[in-house]
Each structure stands twice: as structure tokens, then as C-alpha cells.
Amino acid sequence: MKELRRLTPEAGIDEVMAILGEDGAVIIERLAPAATMDSIERELAPDWDGIPVGGSEFLGVRTRRATSLIAKSRGCRELATNPFVLGAIQRVLGPMCKTYHLHATNGVRVYPGETGQFLHRDDELFRGYFPHPGPEVLTNVIWALGDFTAENGATRVVVGSHDWDDTRQPDEDDFVQAAMPSGSVLIYLGSVFHGAGENRSPDPRTGIILGYSLGWLRQEENQYLACPPAVARTLPEDVQRLIGYAIHPPFLGWVDMKDPHSTLEAPGESAMLADAAREAEIAAVGED
């Protein structure tokens with residue numbers, strides 16, 4: 001099995017695209033600063049204990065999943081708008097749309113004793129509409145909030161499976177793991193078979209999954225409820241547009257025959273109020 005290739009943040013987008021074209025996935029090591037990952041840990045800390053574990057082989061029975069990350073975490077907003085990642089997303093999805101948008105957000109905490117998730121393709125959500133191999137309709141990334149290792153369940157990836165047709169299925173042993181240090185990101189095409197690994201370590205493993213899809217496809221996570229106008233209004237304009245408060249040219253998604261961004265009365269307003277409320281909640285948890 002071919003190994004996952006790794007690049008540094010100094011790599012060019014052409015190099016990223018060459019590897020994605022051949023392998024369907026690539027790791028960029030230490031792309032996000034430690035301060036951002038530490039911030040996300042603090043911002044999501046109030047949530048984990050209140051999230052039920054999954055109840056299926058896919059969701060896991062010892063795995064918790066935090067959602068609505070754009071509304072909850074300034075750090076996750078930084079990851080979602082990382083210029084390096086968005087440069088790659090534009091190159092992958094750009095040929096099929098005028099603009100792309102954020103498809104889904106998931107903080108995934110895999111606890112000790114969790115078994116491996118079955119291998120799957122994320123674009124199976126649109127099964128039957130886009131046969132494989134073919135143009136990519138979504139691309140996901142998973143950021144390592146802490147170190148990803150083989151022992152703690154680093155994501156399993158079937159390198160090259162983006163070129164497989166719909167009749168070919170992977171062997172459950174036919175994968176490599178995306179072991180990578182905290183702050184690194186795995187970029188993988190929606191057509192690549194992958195799945196969370198088994199956590200054989202004594203500690204939980206946490207990743208931040210952010211998906212991007214064609215701007216004319218419905219998003220998996222309903223961003224307009226996860227970030228309703230009252231919340232979206234407090235976010236930076238680039239984040240507002242990324243989550244879907246923007247028209248897809250020429251006029252898909254209008255409100256009152258206008259760009260939906262017009263419904264946000266104060267576009268571009270900073271997220272200071274939302275972050276202040278969130279930080280107060282975090283501080284209160286820390287005092288318990």
C-alpha cells in the first residue's frame with residue numbers, strides 16, 4: 001500500500017494538486033499554530049461532556065461529535081478560512097462551480113476502546129448522481145487537534161481510491177493511517193475511501209473535520225440553523241459568505257431577489273460579542 005505523502009506549509013498549491021491527483025489525499029504538517037489548536041480546545045471544552053456518544057458503527061459507540069463549530073469557535077473559523085487550504089479547495093472544486101461553500105463541521109473525539117469506523121466515501125451522500133471516477137463535488141479536511149498516531153486511531157485512508165469505479169470496494173485492511181502532529185491537516189477528496197481508526201491508546205484523540213462542497217449543492221450541515229442570522233451577523237464577512245450567506249452566480253439562493261448577504265444588517269462586523277459570550281461560558285466551566 002502506498003504511503004500518504006506529506007508537505008510543509010511552504011509547499012506550493014501546484015505540488016498539493018499533483019499529489020491529490022495521484023493519491024486523492026495529502027498531509028500538510030503543522031499548518032496551524034499551536035495557539036489556534038489550544039484555543040479550540042478551550043472553546044469546545046464546555047461541550048464534550050454534554051454530547052452523547054454515537055450509537056452506530058459509523059458514528060461510533062465511544063465517539064462524541066461536536067457540531068455548529070463556526071458559531072462556537074473562533075479557532076475553528078480560522079481553520080475554515082485558512083488560505084492554504086482554501087487555495088487547494090478552489091483548485092479542486094472551482095471547475096464545477098462559481099463559488100464553493102462550507103459543507104459541514106464536526107469536532108470528533110474518539111475515546112479509548114473505540115473500534116475502527118468502516119471505510120467509506122464522503123460523497124456517497126450524493127450517491128447515484130455523480131458516478132466514480134468523475135469530477136469532485138466535495139473535499140474534506142481533518143485537522144489534528146492533538147497528535148494523531150496509529151495507536152490513538154489516526155484516520156485510515158485508502159490511497160488512490162478516488163480513481164476506483166463504483167463496483168470496487170476496499171478491503172478493510174487496505175489502508176494507511178494519517179499519523180500527524182497537532183496542527184497538521186489531512187486534505188482528502190470526497191471520493192477517497194477512509195474512516196476513523198481504532199483507539200488502542202489510554203487517551204482520546206480529537207480531530208476537527210471541515211467539509212467544502214460545490215456552491216450549488218445543498219450543505220450536509222444546515223449552516224443557516226447552525227449559524228442563524230443573529231449569530232452570523234457577528235461573524236467576519238468572509239466567514240458569513242463561506243457558510244452560505246452569499247449568492248451562487250448568477251442568482252441561486254436569493255432572498256427578496258437579492259444576495260442573501262443583504263439580510264445581515266452589519267456585514268463584516270467582528271465576532272467579538274459572540275466570542276466574549278463563549279469565553280465567559282468557558283471561564284464558568286473552568287471555575288467549577
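Model, not experiment: these values are computed from the prediction. Here the residue numbers are simple positions, counted from 1 along each chain's written sequence. In view of the model being predicted, local features appear only for residues whose pLDDT reaches at least 70, and side-chain atom pairs are presented and counted only at 80 or more, with totals across whole chains, interfaces and linings using the full set of residues. The side-chain figures draw on all heavy atoms in the structure; neither hydrogens nor water molecules are used.

Student: Report on the sheet that holds strand 9 (residues 194-195), specifying residues and quantitative values.
Tutor: Sheets are built from strands that pair by backbone hydrogen bonding, the pairs being arranged parallel or antiparallel. By definition, two strands form a pair when at least two bridges between them are found by DSSP. The helix count covers DSSP runs of H or I at least four residues long, the strand count covers runs of E at least two residues long, and both are numbered beginning at the N terminus. With antiparallel pairing, the three strands of this open sheet are ordered in space as 7-6-9. The strands lining the two open edges of the sheet, one partner per strand, are strand 7 (176-177) and strand 9. Two elements, strand 6 (residues 156-157) and strand 7, share two bridges in a ladder whose sense is antiparallel. Following the sheet pairing, Arg 156 is matched in strand 7 by Gln 177.

Student: Describe in detail helix 2 (residues 34-48), supporting the description with residues and values.
Tutor: The first and last C-alpha atoms of helix 2 sit 21 Å apart over 15 residues, in line with the 21 Å expected at 1.5 Å per residue. A 1.4 Å probe rolled over the protein chains alone gives each residue an accessible area, and that area as a share of the maximum for its type sets the label: buried under 20%, exposed over 50%, partly exposed in between. Those residues of helix 2 lying buried are Thr 36, Met 37, Ser 39, Ile 40, Glu 43, Leu 44, Asp 47 and Trp 48. The span one expects for a helix is its residue count, reduced by one, times 1.5 Å.

Student: Tell me about the packing of helix 1 (residues 13-23) against helix 5 (residues 83-93), and name the residues and values.
Tutor: Between helix 1 and helix 5, the shortest axis-to-axis distance is 10 Å and the interhelical angle comes to 55 degrees. The orientation of helix 1 relative to helix 5 falls into the category oblique. Taken as a pair, helix 1 and helix 5 cross one another with a handedness that is right-handed. Each of Ile 13, Asp 14, Val 16, Met 17 and Leu 20 in helix 1 lies in contact with helix 5, whose residues at this interface are Phe 84, Gly 87, Ala 88, Arg 91 and Val 92. Only Asp, Glu, Lys and Arg are considered charged in this grouping, and only Ala, Val, Leu, Ile, Met, Phe, Trp, Tyr, Cys and Pro are considered nonpolar; every other residue, Gly among them, is considered polar. Residues belonging to the contact of helix 1 with helix 5 are distributed by class as follows: seven nonpolar, one polar and two charged. Axis definition: a line fit to C-alpha positions, over the contact stretch in the case of helices; interaxial angles, taken between N-to-C directions, run 0 to 180 degrees. Any angle between 65 and 115 degrees counts as roughly perpendicular, while under 35 counts as roughly parallel, over 145 as roughly antiparallel, and the rest as oblique. Throughout, a crossing is termed right-handed when the near helix is turned clockwise from the far one, and left-handed when it is turned anticlockwise from it by less than a right angle. We call two residues in contact when some of their heavy atoms are within 4.5 Å.

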